[in-house]
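A look at the structure
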Amino acid sequence: WGHPCEMCPAQPHPCRRGFIPNIRTGACQDVDECQAIPGICQGGNCINTVGSFECKCPAGHKFNEVTQKCDDIDECSTIPGICDGGECSNTVSSYFCKCPPGFYTAPDGLKCIDVRPGFCFSTLSNGRCGNQLPQPLSKMQCCCDSGRCWASAPAAAPEMCPIRSTDEYRKLCTVAAVLPARPELPPARPDIIPPPFFPGVQPPPHPEIIYPSRAPPIHPIVPVNLTDYCQTFRHLCRNGRCIPTPGSYRCECNKGFQLHGREECLDIDECERNPCVGGDCMNTQGSYVCQCRIGYQSTATRTECR
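This is a predicted model, so every value here is computed, not measured.

**Things to note about the overall build of the protein**
A tally of regular secondary structure across the protein gives five helices and 21 strands. Here the protein holds 306 residues, and the buried ones make up 34% of them. Considering only intrachain contacts with a sequence separation of at least 6, the fraction spanning at least 24 residues in the protein is 37%. As presented, the protein carries roughly 19200 Å² of accessible surface, and 56% of it is formed by carbon and sulfur atoms.

Given below as structure tokens:
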């Protein structure tokens, strides 16, 4: 106010941070930050606590303390030796390996397996490989069964198979025999993005990490008598408009939100009606976007795949 500018005096708030007066009793009650703050814990699961909240990030994500959101982990740049022999492609929540000709992606998605036919030897004596088998076998078929040496070509020098129970043997031979079916996703909050699924690729498990928010500062609790709640408390009716009524207030919700009870505007999950034909629907606060599959193009509003 004024010239030169002076700061206005701070208005005392009747409740400490994380609490708000009850419109009927005036007593301080907990604020559900998960509903009150738009975009909080985006990409993860927000859990309300007394006076605060926690963010629970899904697999393949990490919590960003600055933005208070769950960011996707780029496994391709963070996991050493990923997709050995091939090319790693990052995806939301996961990744997959693109393997060169003669290789295929392991069911766990972690590596490229050499399936090129070669020559298998069943004996090893005094450092010399012998007893070449007549049928061509891949290195995995040879060494993970009864072979002792393997060669990629007739003129190539045979290489020894890894010794059983070593890390090198497990790396070559530990492959799921049968692909697990895609598990059905349990009902969850609409802002949690399920990991994408690629045939022959299972995303690796990641631990779920809970990050508590910083403890709020404590302010004294004082009783208050109000006539216009909307003017006194500017943060009522998040995602909507506060309309004063005699001794109380009501909420009119923004587009993409619906009234829950009398005081909260909750996001509508548009993905429940499957609007993204040819793509995957991702719910957002007040709207949604379509992540289009190969062969489909997104519209300018990202609400349709053509």
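**Observations regarding the pattern of salt bridges**
Scanning the entire structure with this criterion turns up eight salt bridges. Between Arg 250 and Glu 252 there is a salt bridge whose closest N-O contact spans 3.6 Å. On the accessibility criterion, Arg 250 (40% relative accessible area) is partly exposed. One salt bridge connects Glu 304 with Arg 306, and the closest N-O pair in it is separated by 3.4 Å. The exposure class of Arg 306 is exposed, given its relative accessible area of 63%. The structure contains a network of salt bridges with shared partners spanning Arg 241, Arg 250 and Glu 252.

**Regarding the nonpolar core**
The biggest cluster of nonpolar side chains holds 12 residues, and these are Ala 106, Ile 113, Cys 120, Leu 137, Met 140, Cys 142, Cys 143, Trp 150, Cys 161, Tyr 169, Leu 172 and Cys 173. Elements with a contribution of two residues or more to this core: α3 (139–143) and α4 (167–173). Formed by 11 residues, the second largest nonpolar core is a distinct cluster that contains Cys 230, Cys 251, Phe 257 and Cys 265.

**Section: the side chain of His 61**
Its place among the elements puts His 61 in strand β5 (residues 61–64). On the basis of relative accessibility, which here comes to 9%, the residue His 61 falls in the buried class. In this structure the side chain of His 61 is engaged in a polar contact, spanning 3.3 Å, whose partner is the backbone oxygen of Ala 59. For His 61, the residues in contact, after removing those within four places along its chain, are Cys 70, Asp 71, Asp 72, Ile 73, Val 92 and Ser 93.

**Topic: the UniProt feature "domain: EGF-like" (unreviewed entry) in the protein**
In the numbering used here, UniProt assigns the "domain: EGF-like" (unreviewed entry) feature to residues 30–71, 72–113, 226–266 and 267–304. Annotated as 0% helix and 34% strand, the span residues 267–304 places its first and last C-alpha atoms 20 Å apart.

**A few points about the sheet that holds strand β14 (residues 159–160)**
Spatially, the four strands line up as an open sheet ordered β12-β11-β13-β14, and their pairing is antiparallel. Strands with a single pairing partner mark the edges of an open sheet, and in this sheet they are β12 (128–132) and β14. Both strand β11 (residues 119–125) and strand β13 (residues 149–151) contribute to a ladder of three bridges, which runs antiparallel. If you follow Cys 120 over to β13, its bridge partner there is Trp 150.

**A short note on the confidence of the model for the protein**
In the predicted model, the protein carries a mean pLDDT of 76, and the fraction of residues at 70 or more is 80%. Within the protein, strand β15 (residues 210–212) has the poorest average pLDDT of any element, 37, and β13 the best, 91. Considering only residues more than four positions removed or in separate chains, one finds that residues 176–225, a stretch of pLDDT under 50, has 84 contacts.

**With respect to the state of the cysteines**
The full count for this structure, using the stated rule, is 17 disulfides. Disulfide partner of Cys 76: Cys 88, at an S-S distance of 2.0 Å. Between Cys 76 and Cys 88, the S-S torsion sits near -75°, and that sign places the bridge as left-handed. Taken together, the positions of Cys 76 in helix α2 (residues 75–78) and Cys 88 in strand β7 (residues 87–91) put the pair 12 residues apart, joining distant regions of the chain. For Cys 230, the disulfide goes to Cys 242, at an S-S distance of 1.9 Å. Across the disulfide from Cys 230 to Cys 242, rotation about the S-S bond amounts to roughly -75°, and the bridge is consequently left-handed. Taken together, the positions of Cys 230 in helix α5 (residues 229–232) and Cys 242 in strand β16 (residues 240–245) put the pair 12 residues apart, joining distant regions of the chain.

**Remarks on the pairing of β7**
Relative to strand β8 (residues 94–98), β7 runs antiparallel, the two sharing five bridges. Within the sheet, the bridge partner assigned to Thr 91 lies in β8 and is Ser 94.

**Re the side chain of Asp 114**
Topologically, Asp 114 is positioned in strand β10 (residues 112–114). When its relative accessible area of 14% is taken as the criterion, Asp 114 is described as buried. Side chain to side chain, Asp 114 and Arg 116 meet in a polar contact 2.7 Å long. Those residues in contact with Asp 114 that sit more than four places away from it in its chain are Gly 102, Phe 103, Ser 138, Lys 139 and Trp 150.

Thresholds applied
- Residues numbered from 1 in each chain as written.
- Predicted model: local features only at pLDDT ≥ 70, side-chain atom pairs only at ≥ 80, totals over all residues.
- Heavy atoms only, no water.
- Helix = DSSP H or I, 4+ residues; strand = E, 2+ residues; numbered from the N terminus.
- Buried < 20%, exposed > 50% of the residue type's maximum accessible area, 1.4 Å probe, protein only.
- Contact = heavy atoms within 4.5 Å.
- Areas by Shrake-Rupley, 256 points an atom, 1.4 Å probe, with all protein chains shown as cover.
- Salt bridge = Lys/Arg side-chain N within 4 Å of Asp/Glu carboxyl O.
- Core = buried A, V, L, I, M, F, W, Y, C linked by side-chain atoms within 4.5 Å.
- Polar contact = N/O pair within 3.5 Å; in protein donor to acceptor, adjacent residues only side chain to side chain.
- UniProt positions renumbered as here; feature names shortened; annotations may be inferred.
- Pairing = 2+ DSSP bridges.
- pLDDT = per-residue confidence, 0-100.
- Disulfide = S-S within 2.5 Å.

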